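Geometric and topological summary
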Amino acid sequence: MKKSIASRLLLLLMLPTTSFAQADDPIIMTVAGKPVTKSEFVYSYNKNNGEDVIDKKTVKEYAELFANYKRKVQAALDASLDTLTSYNKEFRQYRDQQVLPTLINDNDVEQEARNIYQRTKDNIGPDGLVNVSHILFMIGQNPSDSLKSAKEALADSVYYALKKGADFSTMATSKSDDKGSAMRGGEVGWISKGQTLPAFEEAVFSMKDGEISKPVLTEVGYHIIKVTGHKQLEPYDTLKSDIYNFIERRHIRESLAQARLKAISAAKGQTPEQVMDMRSDSLASISQDMKYLIQEYHDGLLLYEVSNRDVWEKAANDEAGLQAFYNKNKSNYKWDTPRFKGIAYYTRDEKDIDAVKKSVKGKSFDKWVEILRTTFNNDSILRIRVEKGIFKEGDNKIVDKEIFKNDKAQIRQMKDFPYTTTFGKVIKKPEEMSDVRALVTADYQELKEQEWLEELKNRYPVVINEDVLNTIK
């Protein structure tokens, strides 16, 4: 099993800095005159062509993809997207997830585990732990005298039954008002002083193993208590595994690292951001894996920013362009089976079944949701529940049953909305661009990205060193 990055870094930090310096790390390509080393390319190639990758690339195929990736990153840098506050905030969050854990080591975690153990031992005190079960007869707050007397009498009767040989676990299961412990035969578990009600605690810590108490009155009711064991806290080594699991569940490692960051920041008179910047640079200088992982975050976020700005968002909002693209490529958008274009809806009142249909009949399909919202659900009481869309069989149970005549479709019954129906029409192919907008948008974005990439190829020339590339297996 591979070690985590944090674990590997802790090992790396113990070695001399020079052990990670490569005597020969040749330039594998230049992008707009900027060099890219062989080690960076190999890191990216290996990471993106692992055993779980279906569409693996050859080295030469990947070199072209990598060159295009670098072109896009350069476009983002030229647009100064790396200076955006939102970008830097997100980059630091990703980077610091990797860097922060390296501020502590295994010794720090071990010390915290021992501290947790000692605090627990101190809290338990010299009286140790007692294993307790009980049967509760609850009286609640401000009980009437009659209720209190009745519960006391019931508790006494159960106690005398136990004295005559009745099974405690059976009686707890059937008689106790504490349903949680009743399911376990009355078992509460190991407790220490300070964990429970004073009167309950006083009784428990005065009892011997196997002893059953007379009914004990506390703020919540009458308890019949059984003590089944006494012990001191186990030695640290016995509980170490449990303590470490507790540390992981409560994210205590992160808390330790945050505390260490705060301490370093105060000692050096620097902001936490400055400390993390320096730590990141230090790790990158001694670990290639960390160096390229951080760069991957940096460049990947830039790639997203520039692609979203220059291609994806622009294309998605280009209504004229989308429509023209659809008109030119209509034949690419077909369905194997008919679709239902309309709404499936529930109503509170049977009269609203027809009222819904009348409100949207003859109106633009894109406007239906707003019309229905303002007409039927514009106050504190919802009159209808609606799902609008273009449905194929299997998408909606109401549509399946009413439109596609699937008798096996089970419509979910809603108590407050007992009436269900549909309104719309069956279509065999898309009628307009909006019917397949998601597909058209994706294809249009892909076209615009290819056009953008051709522009970047002209703007940012790439020179690949074939001799170096051929050395990669």
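Residues numbered from 1 in each chain as written. Predicted model: local features only at pLDDT ≥ 70, side-chain atom pairs only at ≥ 80, totals over all residues. Heavy atoms only, no water.

1. Structural notes on unusual backbone geometry
- Of note, Ser-80 is a non-glycine position whose phi angle comes to about 60°, a positive value.
- Examined against the element boundaries, Ser-80 turns out to sit in the loop between helix H3 (59–78) and helix H4 (85–99).
- Given a relative accessible area of 36%, Ser-80 falls into the partly exposed group.
- Residues other than glycine seldom take positive phi values, yet Lys-405 does so here, at roughly 55°.
- One can find Lys-405 in the loop between helix H17 (397–402) and strand E9 (419–427). (Helix = DSSP H or I, 4+ residues; strand = E, 2+ residues; numbered from the N terminus. Buried < 20%, exposed > 50% of the residue type's maximum accessible area, 1.4 Å probe, protein only.)

2. Concerning the packing of aromatic side chains
- Counted under the stated rule, the structure contains 17 aromatic pairs.
- Centroid distance Phe-325 to Tyr-444: 5.6 Å. Interplanar angle 50°. Geometry classified as tilted. A residue pair is termed long-range when its members are at least 10 positions apart, and Phe-325 in helix H14 (residues 319–328) and Tyr-444 in helix H18 (residues 437–459) qualify at 119 residues.
- Geometrically, the ring pair formed by Trp-368 and Phe-423 is stacked, given 5.7 Å between the ring centres and 25° between the ring planes. Remark: Phe-423 occurs in strand E9 and Trp-368 occurs in helix H16 (residues 368–376); sequence separation between them is 55 residues.
- One aromatic cluster in this structure is built from Phe-41, Tyr-45, Tyr-62, Phe-66 and Tyr-69.
- Lys-193 extends its terminal NZ or CZ atom over the ring of Phe-205, reaching a point 5.4 Å from the ring centre.
- Positioned over the ring face of Phe-365 is Lys-388, at 4.0 Å from the centre of the ring. (Phe/Tyr/Trp six-rings, centres within 6.5 Å; stacked < 30°, edge-to-face > 60°. Lys NZ or Arg CZ within 6 Å of the ring centre and 35° of its normal.)

3. Looking at the pairing of strand E3 (residues 129–138)
- The element E3 is extensively covered by neighbouring structure, given that nine of its ten residues are classed as buried.
- Where E3 meets strand E6 (residues 221–231), ten bridges bridge the pair, whose relative direction is antiparallel. Bridge pairing in E6 places Leu-136 opposite His-223.
- Sheet topology places E3 next to strand E4 (residues 187–191); four bridges connect them, and they run antiparallel. Counted as the bridge partner of Val-130 is Ile-191 from E4. (Pairing = 2+ DSSP bridges.)

Geometry only, nothing functional implied.
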